[in-house]
Amino acid sequence: MDFAHQQVLVGEVFEAVCARSPLAGKQMIDLGSFSVLFEGETPASVYRLSADNATHDFAAKAKKLGLPGVVRLLADYGAVALYHDDAFNPDYLWLAHLEHLEVLQAYPVQQAAVARLLLHLTDSDDGDLLATPQEKHALLAKLDDVPIEACTRQAVEAMRCLFPEYIAHSDIAMDLGASNFMIRAATGDLVLSDPVSGLCNITDERHERLLVEGIVVEIQE
């Protein structure tokens, strides 16, 4: 993949954030639908810069509840820049430091388990994006009686605990594509990496600060 010509995030604001610590000098290593991954502080971590903070919010809630079936949030920087300044629907760049996970394809046993799990939850063994209220509420019902395997137990527990809150938001979609399940190499367990999208829960105070300062990079408590 030629990261030099990636079109997920572009422009002066993106370039300015990449030039600031902690991203300055970090190599781009992967792309998501709305995010760019950079190497982290060690081989066991990555930085995720995204136009959507749903994944970071999901990981923060899992950390607070002690749910191991979600990518570990090492540091949350929150909204670090105003990406597109629109009076009615502004976009921001969100930054987080996360644990590094392995791709599912390298683990055929777990990959097969994910296919069975997704077939039950989405009627497709490759998963689906569930965006309508009917689809999302049907997902909750299916989670109640989903078959659980040893490697999927922690991921299913996290979905059961966290999905109801997100499903209540009309703008949030549940992204249950197979690529959003990854592997924690140390245990072989399945981990949810990016299962929700469409969130922008910034405070007025943070928005105003970004307008004044341009870029704010500091770890959120």
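Now for a description of the structure that goes with this document. All residue numbers refer to positions counted from 1 along the written sequence of the respective chain. It should be noted that, the model being predicted, local features are given only for residues of pLDDT at least 70 and side-chain atom pairs only at 80 or more, the latter also being counted only at that level, while totals for whole chains, interfaces and linings use all residues. With hydrogens and water stripped out, all remaining heavy atoms of the structure feed into the side-chain values.

Moving on to the pattern of salt bridges. A side chain of one charge can pair with a side chain of the opposite charge if their charged atoms are brought near each other. Should a side-chain nitrogen of Lys or Arg be within 4 Å of a carboxyl oxygen of Asp or Glu, the pair is scored as a salt bridge. On inspection of all chains with the given rule, the structure shows 11 salt bridges. K61 serves as the salt-bridge partner of D57, at 2.7 Å between the closest nitrogen and oxygen. Taken together, the residues span about one helical turn, with D57 and K61 both in helix 2 (residues 54-65) at a distance of four residues. Accessibility here uses a 1.4 Å probe with only protein chains present; expressed as a share of the type maximum, an area under 20% marks a residue as buried, one over 50% as exposed, and anything in between as partly exposed. By relative accessible area, which is 13% here, D57 ends up buried. A salt bridge links E218 to R206; its shortest N-O distance comes to 3.7 Å. Remark: R206 occurs in helix 6 (residues 204-213) and E218 occurs in the segment after helix 6; sequence separation between them is 12 residues. Each helix corresponds to a stretch of at least 4 residues labelled H or I by DSSP, and each strand to a stretch of at least 2 residues labelled E; elements are numbered beginning at the N terminus.

If you want to describe how two helices pack, look at the angle between their axes and the distance between the axes. Angles shown run from 0 to 180 degrees and are taken between the N-to-C directions of axes, each axis being a line fitted to C-alpha atoms and, for helices, limited to the stretch in contact. Running from N to C, helix 2 and helix 5 (residues 153-167) cross one another at 135 degrees; their axes reach a closest spacing of 11 Å. Classified by the angle their axes make, helix 2 and helix 5 are oblique. Of the two elements, helix 2 crosses helix 5, and the hand of that crossing is right-handed. Across the interface between the two elements, D57, F58, K61, A62 and L65 of helix 2 pack against L162, F163, E165 and Y166 of helix 5. Throughout, the ten residues Ala, Val, Leu, Ile, Met, Phe, Trp, Tyr, Cys and Pro are labelled nonpolar, Asp, Glu, Lys and Arg are labelled charged, and all others, Gly among them, are labelled polar. In terms of residue class, the contact of helix 2 with helix 5 is built from six nonpolar, no polar and three charged. Should an angle lie under 35 degrees it is considered roughly parallel, over 145 roughly antiparallel, and from 65 to 115 roughly perpendicular; all remaining angles are considered oblique. Working rule for handedness: look at the near helix, and if it is turned counterclockwise from the far one by less than a right angle, call the crossing left-handed; if clockwise, right-handed. Working rule for contacts: check all heavy atoms of both residues, and any pair within 4.5 Å makes them a contact.

A few words on the pairing of strand 8 (residues 181-184). Any two strands with at least two DSSP bridges between them are considered paired. Direction of pairing for strand 8 relative to strand 9 (residues 189-192): antiparallel, over a ladder of four bridges. The residue of strand 9 that forms the bridge with F181 is L192. Between the antiparallel neighbours strand 8 and strand 9 lie four residues, among them G188 with a positive phi of about 80 degrees.

Attention shifts here to the sheet that holds strand 7 (residues 173-175). Taken in spatial order, the three strands make up an open sheet running 6-7-10, and their pairing is antiparallel. The open sheet has two edge strands with one neighbour each: strand 6 (129-130) and strand 10 (196-197). Relative to strand 7, strand 6 runs antiparallel, the two sharing two bridges. Counterpart to L130 in the pairing with strand 7 is M174.

Definition of nonpolar core: a set of buried residues of the types Ala, Val, Leu, Ile, Met, Phe, Trp, Tyr and Cys, connected through side-chain atoms within 4.5 Å. Counting residues in hydrophobic clusters, the biggest one holds 43 residues, and the most contacted among them are V70, L139, M159, F163, M174, L176 and F181. Of all the elements in the fold, those that place two or more residues in this core are helix 2, strand 5 (91-99), helix 3 (108-122), helix 4 (133-144), helix 5, strand 8 and strand 9. With eight residues, helix 5 is the single largest residue contributor to this core. When neighbours within four sequence positions are excluded, L176 is seen to be in contact with L118, L121, T122, D126, G127, D128, L130, L139, M159, F163 and F181. Ranked by size, the runner-up nonpolar core spans 17 residues in total, among them L9, V17, C18 and Y77.

Here the focus is the packing of helix 4 against helix 5. As a packed pair, helix 4 and helix 5 sit with axes 10 Å apart at the nearest point and diverge in direction by 165 degrees. By the angle class used here, helix 4 and helix 5 are roughly antiparallel. The handedness of the crossing between helix 4 and helix 5 is left-handed. Residue-level contacts link K136, H137, L139, L140, L143 and D144 of helix 4 to M159, R160, F163, P164 and I167 of helix 5.

Without other data, these values stay purely geometric and don't point to any function.
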